[in-house]
Amino acid sequence: MGAGALTAGLVRTGAMAAETASPQNSITPDEALKKLMEGNKRFVGGETIMPNRSMARVRELAKGQKPFAAFLSCADSRVPVEILFDQGFGDVFVCRVAGNTATAEETGSLEFGAAVLGAKVLMVLGHEYCGAVKATLAGKEVPGSIQAVLDPIKPAVAMLKDKKAKGALDEAIANNVKLQVAKLKESPLLSSLIKEDKLKIVGAVYDLDEGKVTLLT
Ligand SMILES: [Zn+2]
């Protein structure tokens, strides 16, 4: 082995040691959000780096996870969070339920992701053409237990001035995201993390045609 290869090996070992000493979620909430948005930018631009998807990463994570972000997203097959934010194993803690609503179970899971695992940003991610919001807007009878999924979306639909208006679905989707963000902020555990600058909760909508995630203010 040449000196160059040996040095490269030592540098790699050093980098790995540094990674262990400073977990990937030892960053600020703003840095975590920036990391997500940069990942989505790579995805939209066709410049994905597909990080953290090696078997070495899988084995390393078996010892424990330190995701830097958490999500409340829809179950929709067109919204795979890791892919559209260009992340890999152990990066994002994701709760998915049709209509991305903060039910007790979802809130509890997200409290675990933030308070125990240390995720620094929690994103409620709605998406264009959401079937759950669409069905709530339509208000027709649905089979099985589906109504239980639609009930928490009703307040977002009730906020609409005109349910038949063009753009009513998009508006209901955005309303729903904002309401779920507000609901998560009611969690004493999550709000104490926000006060300590250890967490940020944001709302966003995913554009199915363009692949772009836009933050809601
Ligand atoms: Zn959906």
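Up top is the structure these notes are about.
A few points on the structure. Since the model is a prediction, treat every value here as computed from it, not as a measurement.

1. As for the environment of glycine 131
Summarising the element assignment, glycine 131 is placed in helix H6 (residues 131–138). For the pair glycine 131 and valine 202, spaced 71 residues apart in the sequence, the C-alpha separation amounts to 22 Å.

2. A word on the pairing of strand S4 (residues 200–206)
Burial analysis of S4 places six of its seven residues in the buried class, which makes it a mostly covered element. As paired strands, strand S3 (residues 121–127) and S4 are joined by seven bridges and run parallel to one another. Counterpart to leucine 125 in the pairing with S4 is alanine 204. Inspection of the sheet shows S4 paired to strand S5 (residues 213–216) by four bridges, in the antiparallel sense. When the sheet's bridge partners are listed, alanine 204 is paired in S5 with leucine 215. With antiparallel pairing between neighbouring strands as the criterion, S4 and S5 make up a hairpin whose turn holds six residues, including glycine 211 at a positive phi of roughly 80°.

3. Concerning the coordination of the zinc ion
Binding of the zinc ion to the protein goes through Cys74 (SG), His127 (NE2) and Cys130 (SG), at separations of 2.0 to 2.3 Å. Each donor residue of the zinc ion belongs to the same chain, and together they define the spacing C-x52-H-x2-C. Of this pair, cysteine 74 sits in the loop between strand S1 (69–73) and helix H4 (81–84) while histidine 127 is found in strand S3, placing the two residues 53 residues apart along the sequence. Histidine 127 gets classed as buried once you look at its relative accessible area, which sits at 0%.

Reading the values: the criteria
- Residues numbered from 1 in each chain as written.
- Predicted model: local features only at pLDDT ≥ 70, side-chain atom pairs only at ≥ 80, totals over all residues.
- Heavy atoms only, no water.
- Helix = DSSP H or I, 4+ residues; strand = E, 2+ residues; numbered from the N terminus.
- Buried < 20%, exposed > 50% of the residue type's maximum accessible area, 1.4 Å probe, protein only.
- Pairing = 2+ DSSP bridges.
- Donors = N, O, S within 2.8 Å, 3.2 Å for Na, K, Ca; no water.

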